[in-house]
Amino acid sequence: MNIGNNFSGMGDLRGSIGFYEKACQVARRLNDSIRIATALMNEGVVRSDLRVFDSSRLRFNEALASLPARGGEYVRMQIDYNLATDPGTRHH
C-alpha cells in the first residue's frame, strides 16, 4: 500500500493502481477486511483523480461492502467522505 501511496504522490496515478490492487489481493488472502477496504478506497481516490468516476464509485462501494458490521468506523468515515466529495457524484 505504501508503494501505491508513493507512486500516487509522485504523480504516477496509473502506476499506483497496480500496487493498490496487489495490496487488496494480499489483504484478501489474510482476510483483513480493514486493509481490503483501505486499499479499495485508495484505488477509488486515484481513479477519481483520473476522472474514471464509475470505476471510482465502484471501488468506494466495494470498500464499504468489505467492512465488517462492527469495527472499521474510521475507514468507513473516510470512504463516506470520499464518496461525498467525489466529483463524479456531485450534482451541479
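Look a little higher up for the structure.
A. The arrangement of the environment of asparagine 82 in detail. Residue position: asparagine 82 is located in helix α5 (residues 73-85). Here asparagine 82 falls in the buried class, since its relative accessible area comes to 17%. Aside from chain neighbours lying at most four places away, what touches asparagine 82 is Met41, Val45 and Phe60.

B. Looking closely at α5. Helix length check: α5 (13 residues) gives 18 Å between terminal C-alpha atoms against 18 Å at 1.5 Å per residue, within 8%. Within α5 the residues assigned to the buried category are Val75, Ile79, Asn82 and Leu83. Angularly, the buried residues of α5 cover 100 degrees about the axis, an arc narrow enough to put them on a single face. When the buried face of α5 is taken as reference, the exposed residues oriented beyond 90 degrees from it are Glu73, Tyr74, Tyr81 and Ala84. Buried residues belonging to α5 abut α3 (33-49) and α4 (53-66).

C. Summary view of the pattern of salt bridges. Overall, the coordinates contain six salt bridges when judged by the stated rule. A salt bridge links arginine 47 to glutamate 21; its shortest N-O distance comes to 3.4 Å. Highlighted residues: arginine 47 in helix α3 and glutamate 21 in helix α2 (residues 13-29), separated in sequence by 26 residues. Classification of glutamate 21 as partly exposed rests on a relative accessible area of 33%. Between glutamate 62 and arginine 28 there is a salt bridge whose closest N-O contact spans 2.8 Å. Separated by 34 residues along the polypeptide, glutamate 62 in helix α4 and arginine 28 in helix α2 bring together distant segments of the chain.

Conventions and cut-offs
Numbering of residues begins from 1 in every chain and follows the order in which that chain's sequence is written. Totals for whole chains, interfaces and linings use every residue, but because this is a predicted model, local features are given only for residues with pLDDT of at least 70 and side-chain atom pairs only at 80 or more, for both listing and counting. For side-chain calculations, the full set of non-hydrogen atoms in the structure is used, while hydrogens and water are omitted. Note on conventions: DSSP H or I runs of at least 4 residues are helices, E runs of at least 2 residues are strands, and numbering of each starts at the N terminus. Only protein chains enter the accessibility calculation, which uses a 1.4 Å probe; a residue whose area is less than 20% of its type maximum is buried, one above 50% is exposed, and one in between is partly exposed. Any two residues having at least one pair of non-hydrogen atoms within 4.5 Å are treated as being in contact. For a helix, the expected span equals 1.5 Å multiplied by the number of residues minus one. Throughout, the arc means that of the directions going from the helix axis to the C-beta atoms. A pair is scored as a salt bridge if a Lys or Arg side-chain nitrogen falls within 4 Å of a carboxyl oxygen belonging to Asp or Glu.

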